[in-house]
Amino acid sequence: MRRRDLLLPLIPAFAPGLVPASALAQSPPQPSILTRPIPSSGEQIPVIGLGSWITFNVGNDTAARTQSAEVMRQFFAAGGKLIDSSPMYGSSQGVIGEALQKLQAQSRVFSAEKVWTSSDGAAQIEASRKFWQVPRFDLLQVHNLLAWEKQLALLQAMKAAGQLRYVGITTSEGRRHSEFEQVMRSQRIDFVQLSYNLLDREAEQRLLPLARERGIAVLVNRPFREGALLRQLQRHPLPGWATEIDCSNWAQVALKFIVSHPAVTCAIPATSNPVHLRENMAASRGRLPDAALRQRMAEHVARL
Amino acid sequence: MPEWWTYTLSDFLMYAPRTYWRLVENYNRDFWPLHLPLLAAGLAALWLAHTRAVRAWRPIALGLAGVWAWVGWAFLWQRYATINWAAQYVALAFSVQAVLLAGMTLRPRHTDPQPGPGARGAGALLATAGLVYPLLGLALGRPPGQAEVFGMAPEPTALFTLGLLLLVGQPSTRTGQALLFYIPLLCLLLGAATGWTFLN
């Protein structure tokens, strides 16, 4: 029996709810894509999504927009679903919408957007929807808790009216965690989005356990610290244990560390490079580290 | 802004440096060879300011007003704002600068003293730096197509403007200087911060 066969049964034990998307299908040619359920609905989503901060903000550059569409084409081809953006991300929304139209992928995408204003949230959401060219968003999040009391009420009303499927809040780089925790405890939300990676692990202390306790899905942003973490790691050889979890590069190691946390639903690395996209998506297949290996991974990276 | 001390310059950079430079390259390509008459006009303005100083103020100010309006509209509003929403506010500041420059020409003249040699020297240096600004990009290894040229890009335009204002000694009042110097200085500060973030 191979190590892979030994490890696979451990995954549900360590990460309950982690289910191969085609677990019921007959012997796929490659490992099934890993998905996690959204606790509030049970809907499964792949553990690797696609962020758009910086990478899809390419303005009217035709060549760069074409490349962004190619990244999205390969993302869907690899089984990806969730794409995340924000009104704060410059031209990213329009780039995503144009690519969705080009790929006829409006029905395949799990659209995760944000509201980022202290004034008219409904108008901003409608403007975002027009950029995306989708009938409605799957998930809307209050970006960085901006005017969260006002905007969360708006999102809840939209959800109640069937104009939205899920409601969430976001933070990044460890900011405002105590207020974030307070919202998680006091409000009925489906998703939270926060920063978590091999080096930034503060979320493990309170937010991730609280998300499990409250049945809130977790999206993870900045998995590579905007690339700085990978640039740092790539100066070092890949450790031997990387092969035990089917990783052939540091990006996959970093992503598998994140998505193997039992509270995490989906990591959303951003890239404008199709090669990097394929590397990232490969992290949604194969074996995941168990708790002991996760500890070794974090310790190893902290020493580099 | 909550927890403002946790933010760094890179947190405000919402596009990749390569995206910015491609934007500059496409902009230069679309308007080439407009750069040449603009540089020629810059040289002529520098010569005029150097030789006639205060008396050259009016045509120089009107020319500079046109250049600020152009850069604000063509570069900042039409292009840069597509990848940086804050650029629309900088574009607005550029239009304000254009109005201020044009408005200052309505003041009575011939009563202002000639600027001192220190101010004229510094002005000549800054204005020349604004005209040779593209060499900085070349020295940093960027291709000529990505050159930032006076009259087309914000920073060389701001440098050149500050230089000429010093060279002709205008405006001569503190209030006038405050009005006309702040926006170019702010533009250079923003440009330096962006460049620093690119390099780091």
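Residues numbered from 1 in each chain as written. Chains lettered and ligands numbered in written order. Predicted model: local features only at pLDDT ≥ 70, side-chain atom pairs only at ≥ 80, totals over all residues.

A. Just the overall build of chain B, in detail. Counting secondary structure elements, chain B contains eight helices and zero strands. Secondary structure of chain B in N-to-C order comes out as α-α-α-α-α-α-α-α. Relative to the 2.2 N^0.38 estimate, which gives 16 Å for 200 residues, the radius of gyration of chain B is 17 Å and therefore close to what a compact globule would have. Across its three principal axes, chain B shows a C-alpha extent of roughly 50 × 40 × 30 Å. The long-range fraction of contacts in chain B, counting pairs at least 24 apart against all pairs at least 6 apart in sequence, stands at 75%. (Helix = DSSP H or I, 4+ residues; strand = E, 2+ residues; numbered from the N terminus. Rg over C-alpha atoms; globule rule 2.2 N^0.38 Å. Contact = placed C-beta atoms within 7 Å.)

B. Molecular detail of the packing of helix H5 (residues 117–131) of chain B against helix H7 (residues 154–168) of chain B. Residues and elements named next belong to chain B. Running from amino to carboxyl end, H5 crosses H7 at an angle of 155 degrees, the nearest separation of the two axes being 7 Å. Taken together, H5 and H7 sit at an angle that is classed as roughly antiparallel. Remark: the crossing between H5 and H7 carries left-handed chirality. Facing H5, whose interface residues are Ala-119, Arg-120, Ala-122, Gly-123, Ala-124, Leu-125, Leu-126, Ala-127, Ala-129, Gly-130 and Leu-131, H7 presents Pro-156, Thr-157, Leu-159, Phe-160, Leu-162, Gly-163, Leu-164, Leu-166 and Leu-167. A per-class count over the contact of H5 with H7 returns 15 nonpolar, four polar and one charged. (Axes fitted to C-alpha atoms, helices over the stretch in contact; angles between N-to-C directions. Parallel < 35°, antiparallel > 145°, perpendicular 65-115°, else oblique. Left-handed = near helix turned anticlockwise from the far one by under 90°. Nonpolar A, V, L, I, M, F, W, Y, C, P; charged D, E, K, R; others polar.)

C. Fine view of the sheet that holds strand E8 (residues 191–195) of chain A. Residues and elements named next belong to chain A. Overall, parallel pairing links the seven strands, which are arranged E4-E5-E6-E7-E8-E9-E10 in an open sheet. Across the chains shown, the open sheet's two edge strands, defined by having one partner strand only, are strand E4 (82–84) and strand E10 (266–267). Sheet analysis places strand E6 (residues 137–142) next to strand E7 (residues 164–170), joined by five bridges and oriented parallel. What sits directly across from Val-142, in E7, is Ile-169. (Pairing = 2+ DSSP bridges.)

D. View of the interface of chain B and chain A. On the chain A side, the residues contacting the 15 residues of chain B number 13 residues. Classifying every residue of the side of chain B that touches chain A gives seven nonpolar, five polar and three charged.

E. Main features of the environment of Phe-12 of chain B. With respect to the helices and strands, Phe-12 of chain B occurs in the segment before helix H1 (17–31). In sequence terms Phe-12 of chain B and Thr-197 of chain B are 185 residues apart; their C-alpha atoms lie 9.3 Å from each other.

F. Up close: unusual backbone geometry. A cis amide bond links Trp-32 of chain B with the next residue in sequence, Pro-33 of chain B, at an omega value of 10 degrees. The phi torsion at Arg-222 of chain A lies on the positive side, around 50 degrees, for a residue other than glycine. Tracing the backbone shows Arg-222 of chain A in the loop between strand E9 (217–221) and helix H9 (228–233). The exposure class of Arg-222 of chain A is buried, given the 23 C-beta atoms found within 10 Å. Although it is not a glycine, Arg-225 of chain A sits at a positive phi angle of roughly 50 degrees. (Buried ≥ 20, exposed ≤ 12 C-beta atoms within 10 Å, placed from the backbone.)

G. Structural detail: helix H6 (residues 148–160) of chain A. Residues and elements named next belong to chain A. In this model, H6 (13 residues) spans 18 Å end to end at C-alpha, consistent with the 18 Å of a helix rising 1.5 Å per residue. Those residues of H6 that sit buried are Trp-148, Gln-151, Leu-152, Leu-155 and Met-158. Seen from one end, H6 has its buried residues packed into an arc of 120 degrees, which puts them on one side. Opposite the buried face of H6, at more than 90 degrees from it, the exposed residues are Glu-149, Ala-153 and Ala-160. Where H6 is buried, its residues contact strand E5 (110–115), helix H5 (121–132), E6, E7 and helix H7 (177–186). Downstream of H6 by one or two residues, Gly-162 has phi in the positive range, about 80 degrees. (Expected span 1.5 Å × (residues − 1). Arc of directions from axis to C-beta.)

H. Region of the structure containing the confidence of the model for chain A. All names here are of chain A. For chain A, mean pLDDT is 91; residues scoring 70 or higher make up 90% of the total. In this model, residues 1–16 is a region of pLDDT below 50 whose contacts with residues beyond four sequence positions or in other chains number 16 contacts. Low pLDDT (under 50) marks residues 20–25, which in the prediction has twelve contacts with non-local residues, meaning those over four places away or in another chain. (pLDDT = per-residue confidence, 0-100.)

I. Molecular detail of the pairing of strand E2 (residues 34–37) of chain A. All names here are of chain A. In the sheet, E2 pairs with strand E3 (residues 44–46) via three bridges, with the strands oriented antiparallel. Following the sheet pairing, Thr-35 is matched in E3 by Pro-46. Connecting E2 to the antiparallel partner E3 that follows it, the hairpin turn spans six residues, and Gly-42 within it adopts a positive phi of roughly 85 degrees.

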